[in-house]
Amino acid sequence: NNIAIEHSEGLTYTDLIITCTLEENQPSLSSGELIFNEIGLKSKGTKGLNTGLLLSHVAFSPVTKSSNRVIQVIYTLRIRM
């Protein structure tokens, strides 16, 4: 939902802070809940859906996202050239 860039003069890296929020009733589910156990961050592909590069991937114990719950994931991606 949001990308912020943080850089301080003199540092050799820049941080991208990427926030993804699943609000109440997102995604629209017929069963009222979604169970997931991994998340990933991909670059935007140039050749259509699901063509970007995988930047990160994390697997974890299953989390249940019910329709009355908000889940927010905040990535900090540090880029150094």
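Quick caveat: nothing in here was measured; it's all calculated off a predicted structure. (Residues numbered from 1 in each chain as written. Predicted model: local features only at pLDDT ≥ 70, side-chain atom pairs only at ≥ 80, totals over all residues. Heavy atoms only, no water.)

(A) Region of interest: the packing of aromatic side chains. Using the criterion set out here, one finds 1 aromatic pair in the structure. One cation-aromatic arrangement involves arginine 78 over tyrosine 13; the distance from NZ or CZ to the ring centre is 3.8 Å. (Phe/Tyr/Trp six-rings, centres within 6.5 Å; stacked < 30°, edge-to-face > 60°. Lys NZ or Arg CZ within 6 Å of the ring centre and 35° of its normal.)

(B) Layout of the layout of surface pockets. A volume near 350 Å³ is recorded for the largest pocket. Along its surface, the largest pocket is lined by 16 residues, and Cys20, Gly40, Leu41, Val73 and Tyr75 are the ones closest to its centre. Counting only elements with at least two residues in the lining of the largest pocket, the list comes to strand S1 (2–6), strand S2 (13–22), strand S3 (33–42) and strand S5 (71–80). Each residue belonging to the lining of the largest pocket can be placed in one class, and the counts come to 11 nonpolar, 4 polar and 1 charged. (1 Å grid on protein atoms, 1.4 Å probe; cavity = no way out; pocket = protein on both sides within 12 Å on 5 of 7 lines; lining within 4 Å. Points joined across faces, edges and corners; volume = space filled by probe spheres on them. Helix = DSSP H or I, 4+ residues; strand = E, 2+ residues; numbered from the N terminus. Nonpolar A, V, L, I, M, F, W, Y, C, P; charged D, E, K, R; others polar.)

(C) Highlighting the confidence of the model for the protein chain. Within the protein chain, residue pLDDT values average 89, and 100% of them lie at 70 or more. Averaged pLDDT values for the elements of the protein chain fall to 88 in S3 and rise to 95 in S1. (pLDDT = per-residue confidence, 0-100.)

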